[in-house]
Amino acid sequence: MGVHRGHCHCGALAFEFHTALAPAAWSVRACQCSFCLKHGGVYTSDPAGSVRFTHAMPELLTRYRFGHETADFIFCGRCGGYLGAVTEEDGQKLAVINIHAMDPQPAGLTAAQPMSYDGETSSNRGARRAKRWTPVSGP
Ligand SMILES: [Zn+2]
């Protein structure tokens, strides 16, 4: 398992992404929704891997919801750094992480694929996330 770390600019919020996949094999997705275009969200996930949040200052964690309000978009309340999104399906927390928050940036990533989920129903959205997003381990 490789461990890839990321954090917000000031270091208050952080994650570890555990995956057996080499970065060249990661799915790299540039969501085209209005939120992700504004924030430059470029995501990866691995349903066979795991994400662990290792926030130094969890009290600075800020959540934002919009649209269907089925996911929390995670920000630092101090520096504004954007870490990714978390949702819950059948009691399991799932995450996608913002590749831009990774430090160092993994080498060999494929070009981001533009993704549009417009018109997706809530149940299709849940099923897609359950299949693609990364299980969150720990609290
Ligand atoms: Zn920060």
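In this report, we go over the structure that sits alongside the text. Everything quoted here is computed from the prediction, not taken from an experiment. (Residues numbered from 1 in each chain as written. Predicted model: local features only at pLDDT ≥ 70, side-chain atom pairs only at ≥ 80, totals over all residues. Heavy atoms only, no water.)

## Remarks on the nonpolar core
Item 1. Core analysis: the largest hydrophobic core is formed by 22 residues, its most contacted members being Phe 15, Val 51 and Phe 53.
Item 2. Elements with a minimum of two residues in this core: strand E2 (14–19), strand E5 (50–53), strand E7 (72–76), strand E8 (82–89) and strand E9 (92–98).
Item 3. When near neighbours in sequence (up to four residues on either side) are disregarded, Phe 53 contacts Ala 14, Phe 15, Val 86, Ala 95 and Val 136.
Item 4. Judged by nonpolar contacts, the second largest core, of 15 residues, contains Cys 31, Cys 33, Cys 36 and Ala 71. (Core = buried A, V, L, I, M, F, W, Y, C linked by side-chain atoms within 4.5 Å. Buried < 20%, exposed > 50% of the residue type's maximum accessible area, 1.4 Å probe, protein only. Helix = DSSP H or I, 4+ residues; strand = E, 2+ residues; numbered from the N terminus. Contact = heavy atoms within 4.5 Å.)

## Digging into the coordination of the zinc ion
Item 1. The zinc ion binds to the protein through Cys 8 (SG), Cys 10 (SG), Cys 76 (SG) and Cys 79 (SG); the donor distances cover 2.3 to 2.4 Å.
Item 2. The sequence pattern describing where the donors of the zinc ion fall on their chain is C-x1-C-x65-C-x2-C. Placement of the pair is Cys 10 in the loop between strand E1 (2–7) and E2 and Cys 79 in the loop between E7 and E8, with a sequence separation of 69 residues. (Donors = N, O, S within 2.8 Å, 3.2 Å for Na, K, Ca; no water.)

## A few points about the pattern of salt bridges
Item 1. Using the criterion set out here, one finds six salt bridges in the structure.
Item 2. In this structure, the salt-bridge partner of Arg 5 is Glu 16, at a minimum N-O distance of 3.5 Å. Highlighted residues: Arg 5 in strand E1 and Glu 16 in strand E2, separated in sequence by 11 residues.
Item 3. Arg 5 sits in the partly exposed class, given a relative accessible area of 48%. (Salt bridge = Lys/Arg side-chain N within 4 Å of Asp/Glu carboxyl O.)

## Concerning the environment of His 55
Item 1. Following the sequence through the fold, His 55 ends up in the loop between E5 and strand E6 (61–64).
Item 2. For the pair formed by His 55 and Pro 23, sequence separation is 32 residues and the distance between their alpha carbons is 24 Å.
Item 3. In this view, His 55 contacts Ala 12, Leu 13, Ala 14, Leu 61 and Leu 83; residues no more than four positions away in its chain are not counted.
Item 4. Within the structure, His 55 has its side chain in polar contact with the backbone nitrogen of Ala 14 (distance 3.1 Å). (Polar contact = N/O pair within 3.5 Å; in protein donor to acceptor, adjacent residues only side chain to side chain.)

## Quick notes on helix H2 (residues 122–132)
Item 1. Looking at H2, one finds that the buried residues are Arg 125, Gly 126, Arg 128 and Arg 129. Buried residues along H2 cover an arc of 165 degrees about the axis, so they all sit on one side. Exposed residues pointing more than 90 degrees away from the buried face of H2 are listed as Ser 123 and Lys 131.
Item 2. On its buried face, H2 is in contact with E8 and E9. (Arc of directions from axis to C-beta.)

## Quick word on the packing of aromatic side chains
Item 1. Under the definition given, this model contains 11 aromatic pairs.
Item 2. Ring centres of Tyr 43 and Tyr 82 lie 6.3 Å apart, and the angle between their planes is 85 degrees; this geometry places the pair in the edge-to-face category. Residue Tyr 43 is located in strand E4 (residues 42–44), and its partner Tyr 82 is located in strand E8; the two are separated by 39 residues in the primary sequence. Side by side, Tyr 43 and Tyr 82 carry an identical accessibility label, which is buried.
Item 3. Among the aromatic residues, those joined into a ring-pair cluster are Phe 35, Tyr 43, Tyr 64, Phe 66, Phe 73, Phe 75 and Tyr 82.
Item 4. The ring of Tyr 117 carries the charged tip of Arg 128 above its face, separated from the ring centre by 3.7 Å. (Phe/Tyr/Trp six-rings, centres within 6.5 Å; stacked < 30°, edge-to-face > 60°. Lys NZ or Arg CZ within 6 Å of the ring centre and 35° of its normal.)

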